[in-house]
Amino acid sequence: MTAVATAPRTGTQGHGAEAGMLWRQTRHELISLVRTPITLILSIGLPLLFFVLLSALVGNQVVDETQGVRLVQFLAPGMASFGVVMATFSFLAVGLAEARSLGVIKRQSGSPAPRWVLIGGRMGAALVLGLTSTALVLAAGVVFYDLILPGRSGAAIVVTLLIASASFSALGLALAMALPTMQLTLAVSNGVVIPLAFISDMFMIGGQMPQWLSTIGWLFPLKHLTALFSDALNPYLTGSAFQLDHLAVILLWGLAGALVAIALLRRDRDRDASRAAAPAARSSAGTGARARARAADAVPRRTASPALGALLLDQVRHAQSILWRDASAVFFAVAFPVVLVAIIPAVNGGGDQLMSNGLPLGTFYAATMAIYGAAVTAYVNMPQGVAEDRERGVLKRTGGTALPAPAFVAGRIAGALGVTLITGLAIAVLAGLAYRPGWPSGLPAAVVSLVIATVCFAVVGLAVMTFVRSAQAVVGVTLGTLLPLAFISDIFVVGASFPPVVEVVSWIFPLRHAASAMTESIAPGAAGGFAWGHLAVLLVWTLAGAIVLLLRFRWEARESGHTARTSRR
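Owing to the predicted nature of the structure, the values given are computational and were not obtained by experimental measurement. (Residues numbered from 1 in each chain as written. Predicted model: local features only at pLDDT ≥ 70, side-chain atom pairs only at ≥ 80, totals over all residues. Heavy atoms only, no water.)

**Q** How should the packing of aromatic side chains be read in this particular structure?
**A** Each aromatic ring pair is summarised here by two numbers: the centre-to-centre distance and the angle between the ring planes. Considering all chains together, one arrives at seven aromatic pairs under this definition. Ring geometry for Phe51 versus Tyr145: centroids 6.1 Å apart, planes at 90°, classification edge-to-face. Here Phe51 is found in helix α3 (residues 37-58), whereas its partner Tyr145 is found in helix α6 (residues 115-145), with 94 residues between them in sequence. Classification of Phe51 as buried rests on a relative accessible area of 0%. In textbook terms, an aromatic cluster arises when at least three aromatic residues are bridged by ring pairs, as seen for Phe51, Phe144 and Tyr145. Over the face of the ring belonging to Phe467 we find Arg552, whose NZ or CZ atom lies 4.3 Å from the ring centre. (Phe/Tyr/Trp six-rings, centres within 6.5 Å; stacked < 30°, edge-to-face > 60°. Helix = DSSP H or I, 4+ residues; strand = E, 2+ residues; numbered from the N terminus. Buried < 20%, exposed > 50% of the residue type's maximum accessible area, 1.4 Å probe, protein only. Lys NZ or Arg CZ within 6 Å of the ring centre and 35° of its normal.)

**Q** Where do I start with the side chain of Thr134 in this structure?
**A** With respect to the element layout, Thr134 can be found in helix α6. Residue class for Thr134 comes out buried when judged on its relative accessible area of 1%. Setting aside its immediate chain neighbours within four residues, Thr134 contacts Ala80, Val84 and Leu161. (Contact = heavy atoms within 4.5 Å.)

**Q** Can you help me understand the packing of helix α4 (residues 72-101) against helix α10 (residues 221-233) in this one?
**A** The relative placement of two packed helices is expressed as an angle between their axes plus a distance between the axes. Between α4 and α10, the shortest axis-to-axis distance is 8 Å and the interhelical angle comes to 135°. Considering the angle they form, α4 stands oblique to α10. As for how α4 packs across α10, the hand of that crossing is right-handed. Facing α4, whose interface residues are Gln73, Ala76, Pro77, Gly78, Ala80, Ser81, Val84 and Val85, α10 presents Leu222, Leu225, Thr226, Phe229, Ser230 and Leu233. Residues of the contact of α4 with α10, tallied by class, amount to nine nonpolar, five polar and no charged. (Axes fitted to C-alpha atoms, helices over the stretch in contact; angles between N-to-C directions. Parallel < 35°, antiparallel > 145°, perpendicular 65-115°, else oblique. Left-handed = near helix turned anticlockwise from the far one by under 90°. Nonpolar A, V, L, I, M, F, W, Y, C, P; charged D, E, K, R; others polar.)

**Q** I tried to follow the environment of Ser449 on my own but got confused; where do I start?
**A** The residue Ser449 is located in helix α18 (residues 443-465) in this model. Residues contacting Ser449, with those up to four places away along its chain left out, are Ala517, Met518 and Leu535.

Structure below.
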């Protein structure tokens, strides 16, 4: 009986058992994925959203009356490729990094499941996610924009999806094992994918970019994946659409990622073994550190009640530290807008092109990206941090301190404003060095507009946060509303013609008014004036958000008090 219990899993029965483990692990990862809104938004929602919005702009234009080919035929390959990359590389890297940080990987190593089953389950979930994302993009194109799916390339599309998913999954594993935290992995993974997507023909059709940017694009697998999908969906080509050169590049990148991931997995396993060999020294050191910490805590730090100004200043510093410690927040709110100021004008013919309002294209995008950075910081990241404090019970404990609720809110808003101003300064320096005229006359008015917009975004974001219970859901709601509005509010796409209902919606919300206030204040002929109409709309939204925030904070305080009284009974 003992021999049976310890027999290795070999032979047909052992392989069948491990295959069942792999299926159950894949299903477990998919269930966990469904419960993570931010992952679904970035992996499935974002590519589909980009495709629908860009197709609404250009997809109905007929380029060939005889065959009924529309411009969307050449937009779909980039969005399908983007969905594969986000669903495999980004999802797998972030998910594995989070599991490592929470100790899930270490606990799973002591389970009966082999390591390859644990990793294979994640890769299987990533494959399902990538297939779903691509299928949704193509289905939306067929149903709504008359996308043609050539029958000749069906096998090539499936094989390309499988090879690309495996290769990008291996690269995601390598990245997750190389970086120490989940937040840093999220920042780096998206920081790699999104800039490369702009130079890999994913977001544009026939864009003119410098030769050196195009060469950089061909060094990485994203552009090869886009080229494969482009040929597979091109109705004017013949043949099976298999291109071994592009597939070989993707496979080589995947092999390199797999080798790095294996080496890093072995490193972590050896490191865990060495740590387990000497627990006594760490325990003794930890005991001494805890004793010193208790002694330090025994010393009173204040002898009187702090002044309101000191409380507010401390809260501003705390809010700043929270925002700057989050690597993903720093990337999306600070680094990403700065990178886009450099990339978007370059792939659209250069930042010195003059627009109809007299602004160089680079200066225009500097203004809109400053607004986008402010929205990410104040509307997405800062409310998420407050929601996390609420989940940990920090807000409830703060209610028993000398910190008033208005000072708490003001401190968080001021912290977000500080990050926004730093982002705006970085963008202004880049635009001043790269584009003409570098420093427009309306810069002071633009700064004031940026401050008003940031306060508006922060108040509205906090008001939204009070209606959403979890921090993950807060990110899903705020990011899920910000990205569509950015496309219809002259942030990413300039001068587009939208349906009337979309135009009306864009002018209702504050994002377009914030972008317009910025660009109008620095446009030639504005003489440094303020766009009072747009600023008035921002102030109205700020007032409405403040009223909602005040009422909801009071409601939550009453609910907390009622819960506390009920628990005492």
